[in-house]
Amino acid sequence: MGTLRRVMLTILGVQLVVAIAMSLVDSYRRRGKKPKPFPTTPPNQVSIGESTVTTYTYGRDLYDDMIAAIEGAQRQILFETYIWKGDRTGERFKRALAQAADRGVEVYCIYDGFANLVVSPVFKHFPPSMKVLKYPVYAAGWRFFDLRRYGRDHRKILVVDDAVGFVGGYNIGDAYETEWRDTHVRVTGPGVWDLKRAFADFWNLHRRRRIRHSERPLLLETASTWEPRIRVQRNVPRLWMFPIRAMYLEAINRASKNVWLTTAYFIPDQDFVDAMKDAARRGVDVRLLVPLKSNHIVADWISRGYFSQLLEAGVKILRFRGAMVHAKTATVDGNWTTVGTANIDRLSLTGNYEINVEVIDRGLAAALEDVFRTDEGNCAPLTSADWETRDLHRRFTEALLRPLRPLL
């Protein structure tokens, strides 16, 4: 038994060393390289009952509208992000939020401590007029074995005055403004209420001992109207709630015409893969759009381990060229869509705090299908013939890294 344990630990050690080496080499190769320009679609607004949903595929368009909403705030701003860089864009948001607080607007901010370890501590000093919650790098305390307390806050939300809300894949930083292809939505009307409630629930769950305003919970009024076609799905690891995975599986299992998925990192569990394969085998047009090269090379290599069975089942795999595609979107049967923060990987689907908007509306589905077609024009399709003729060393690396799937 001792020998077996040593062998297993040695294998795991080799896998981790290879993964770290690959990441370091890839980081060195990227130094000084700029992503290539990529096609985008302009903001597109769709009416859904008394609400509207606007899609964004270019960071500058999104940031301008987010800042305009912040600058127009009169009562309250709820701002939450995973990464908040201390660069020009980050300072722009920090300044707008501070100015809003100075004119009497209630400003609540949440950011993830681990994701911003490399951000200057000076940037993370906020004026006392802003209420700021830094989600801790380590949140488990003495509960070392409580897996509910290890999820990161991967959400990106902005809600202003009950009137407008933003949610999607965009973090805050210069690179995301022009160099990354991502997707966000702007929601107005009754559809905003679920976003506001999601922010308040997170704030109240984690506020104690984290911020100086801990004695003041964030209280909400009851919404007078709701928009049933716009739903917000939230993963809450502290409560062991992970509805986003179930949302995806239900939509894929119901599909009869098409399933078009875009994700930055594709490391699902086998049940998720089987759902995609089953859909393709019953004649559904299943397409998976991922980066040709993402910002996490190890995730890319582990993701490739699923390609053979997907291609064999008839799933079309499209790889986005020249830039990082960070979007987390899907459309099904021209009627169902989702846009949010959750990737198709274990960390997002069964680990982190995530939020996705789920919408039942043909107009928004058509808008997201247009976005997908635009992205598809910048993709390299992967054929079964190309995949089966890949080099032996690539097959070996995929097999070597496969056991790391549960960690990502």
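Please read all numbers here as calculations on a predicted model, not as lab measurements.

Comments concerning helix 2 (residues 59-71)
Spanning 13 residues, helix 2 covers 18 Å between terminal C-alpha atoms, matching the ideal 18 Å at 1.5 Å per step. Among all positions of helix 2, only Gly 59, Leu 62, Tyr 63, Met 66, Ile 67, Ala 69 and Ile 70 are buried. All buried residues of helix 2 fall inside an arc of 160° around its axis, so they share one side.

With respect to the UniProt feature "domain: PLD phosphodiesterase" (unreviewed entry) in the chain
Per the UniProt entry, the sites bearing "domain: PLD phosphodiesterase" (unreviewed entry) are residues 149-176 and 321-348 in this numbering. Helix makes up 11% of residues 149-176 and strand 32%, with an end-to-end C-alpha separation of 29 Å.

Quick look at the environment of Trp 240
Tracing the chain through its elements places Trp 240 in the loop between strand 10 (230-235) and helix 6 (243-254). For Trp 240 and Gly 351, which are 111 residues apart along the polypeptide, the C-alpha to C-alpha distance reads 9.0 Å.

Comments concerning the packing of aromatic side chains
A ring pair, where both rings are aromatic, is described by two values, the distance of the centres and the angle of the planes. The tally for this structure, following the rule as stated, stands at 22 aromatic pairs. An angle of 70° between the planes, with centres 5.0 Å apart, marks the rings of Phe 79 and Trp 84 as edge-to-face. Here Trp 84 falls in the buried class, since its relative accessible area comes to 2%. An aromatic cluster is defined as three or more aromatic residues linked by ring pairs; in this entry it consists of Tyr 63, Phe 79, Trp 84, Phe 93, Tyr 111, Phe 123, Phe 126 and Tyr 170. The ring of Phe 126 carries the charged tip of Lys 94 above its face, separated from the ring centre by 5.1 Å.

Describing unusual backbone geometry
Even without being a glycine, Asp 162 presents a positive backbone phi close to 60°. In this fold, Asp 162 is placed in the loop between strand 6 (157-160) and strand 7 (164-168). In this structure, Asp 333 takes a positive phi of about 55° despite not being glycine.

Reading guide: rules and limits
Residues numbered from 1 in each chain as written. Predicted model: local features only at pLDDT ≥ 70, side-chain atom pairs only at ≥ 80, totals over all residues. Heavy atoms only, no water. Helix = DSSP H or I, 4+ residues; strand = E, 2+ residues; numbered from the N terminus. Expected span 1.5 Å × (residues − 1). Buried < 20%, exposed > 50% of the residue type's maximum accessible area, 1.4 Å probe, protein only. Arc of directions from axis to C-beta. UniProt positions renumbered as here; feature names shortened; annotations may be inferred. Phe/Tyr/Trp six-rings, centres within 6.5 Å; stacked < 30°, edge-to-face > 60°. Lys NZ or Arg CZ within 6 Å of the ring centre and 35° of its normal.

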